[in-house]
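Chains, contacts and geometry: an overview
Each chain, letter by letter, is given below.
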Amino acid sequence: MPNRTIKESALTSRNLDTLSDGAERLFWRLILVADDFGRFDADPKVLKARCFPLKVDTLKTGVITRWMAELVTTGPIQLYQNTHREYGFFTTWHKYQQKRALHSKYPDPQSSD
């Protein structure tokens, strides 16, 4: 898992301030599981296992779904489908993170079905 850069401006982000505590926690954990293109598998069961590995037995998948919906509604995340699978990406990833990999681990959002 690559290291990520967290900018100090996150402390005063109006968008992050509108999120519930759980949605914001998911936001930060998604940064750690996203590839170098800011993309990730958005299946709620996969997100629960990858973002909260020590809570898979206690955290309900429906909670992850609710937090993801909040992230999509407020704008930092967009969802797309490819080959009948759901993926997500950070909408402003390129402004805050460095791309080291040549290719994404996940399909391009423009090739969604």
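Below is a short write-up of the structure.

The rules behind these values
Residues numbered from 1 in each chain as written. Predicted model: local features only at pLDDT ≥ 70, side-chain atom pairs only at ≥ 80, totals over all residues. Heavy atoms only, no water. Axes fitted to C-alpha atoms, helices over the stretch in contact; angles between N-to-C directions. Helix = DSSP H or I, 4+ residues; strand = E, 2+ residues; numbered from the N terminus. Parallel < 35°, antiparallel > 145°, perpendicular 65-115°, else oblique. Contact = heavy atoms within 4.5 Å. Nonpolar A, V, L, I, M, F, W, Y, C, P; charged D, E, K, R; others polar. Phe/Tyr/Trp six-rings, centres within 6.5 Å; stacked < 30°, edge-to-face > 60°. Buried < 20%, exposed > 50% of the residue type's maximum accessible area, 1.4 Å probe, protein only. Pairing = 2+ DSSP bridges.

A few words now on the packing of helix 2 (residues 21-33) against helix 4 (residues 61-74). At a minimum axis distance of 9 Å, the contact between helix 2 and helix 4 shows a crossing angle of 85°. When the axis of helix 2 is compared with that of helix 4, the two are roughly perpendicular. Between helix 2, through Gly-22, Ala-23, Arg-25, Leu-26, Phe-27 and Leu-30, and helix 4, the contact on the second element is made entirely by Ile-64, Trp-67, Met-68, Glu-70 and Leu-71. Tallied by class, the residues present in the contact of helix 2 with helix 4 amount to eight nonpolar, one polar and two charged.

Enumeration according to the criterion identifies seven aromatic pairs in this entry. Residues Phe-27 and Trp-28 carry aromatic rings whose centres are separated by 5.0 Å and whose planes lie at 80° to one another, so their mutual orientation is edge-to-face. Given a relative accessible area of 9%, Phe-27 falls into the buried group. Pairing Phe-52 with Trp-67 gives two aromatic rings, centres 5.9 Å apart and planes at 50°, and the pair type is tilted. Taken together, the residues Phe-52 in the loop between helix 3 (44-51) and helix 4 and Trp-67 in helix 4 connect sequence positions 15 residues apart. An aromatic cluster is built from Phe-27, Trp-28, Phe-40, Phe-90 and Trp-93, whose rings are joined through pairwise contacts.

Spatial ordering of the open sheet is given by 1-3-2, a layout of three strands whose pairing is antiparallel. Unpaired on one side and paired on the other, strand 1 (39-41) and strand 2 (77-82) mark the two borders of the sheet. Neighbouring strand axes in the sheet, compared pairwise and without regard to direction, differ in orientation by 30° on average. Where strand 2 and strand 3 (residues 85-90) come together, six bridges link them in antiparallel fashion. Paired with Ile-77 across the strands is Phe-90, a residue of strand 3.

Sheet faces and side chains relate simply in a regular strand, where the side chains alternate between the two faces. Pairing geometry for strand 1 and strand 3, over three bridges, is antiparallel. Counted as the bridge partner of Asp-41 is Tyr-87 from strand 3. In textbook terms, the turn of a hairpin is the stretch between consecutive antiparallel strands, and for strand 2 and strand 3 this stretch comprises two residues, one of which, Thr-83, has a positive phi near 50°.

A few words on the environment of Trp-67. Residue classification places Trp-67 among the buried residues on the basis of a relative accessible area of 11%. A C-alpha to C-alpha distance of 7.1 Å links Trp-67 and Leu-26, two positions 41 residues apart in sequence. Setting aside residues no more than four positions away along its own chain, Trp-67 makes contact with Ser-20, Gly-22, Ala-23, Arg-25, Leu-26, Phe-52 and Leu-59.

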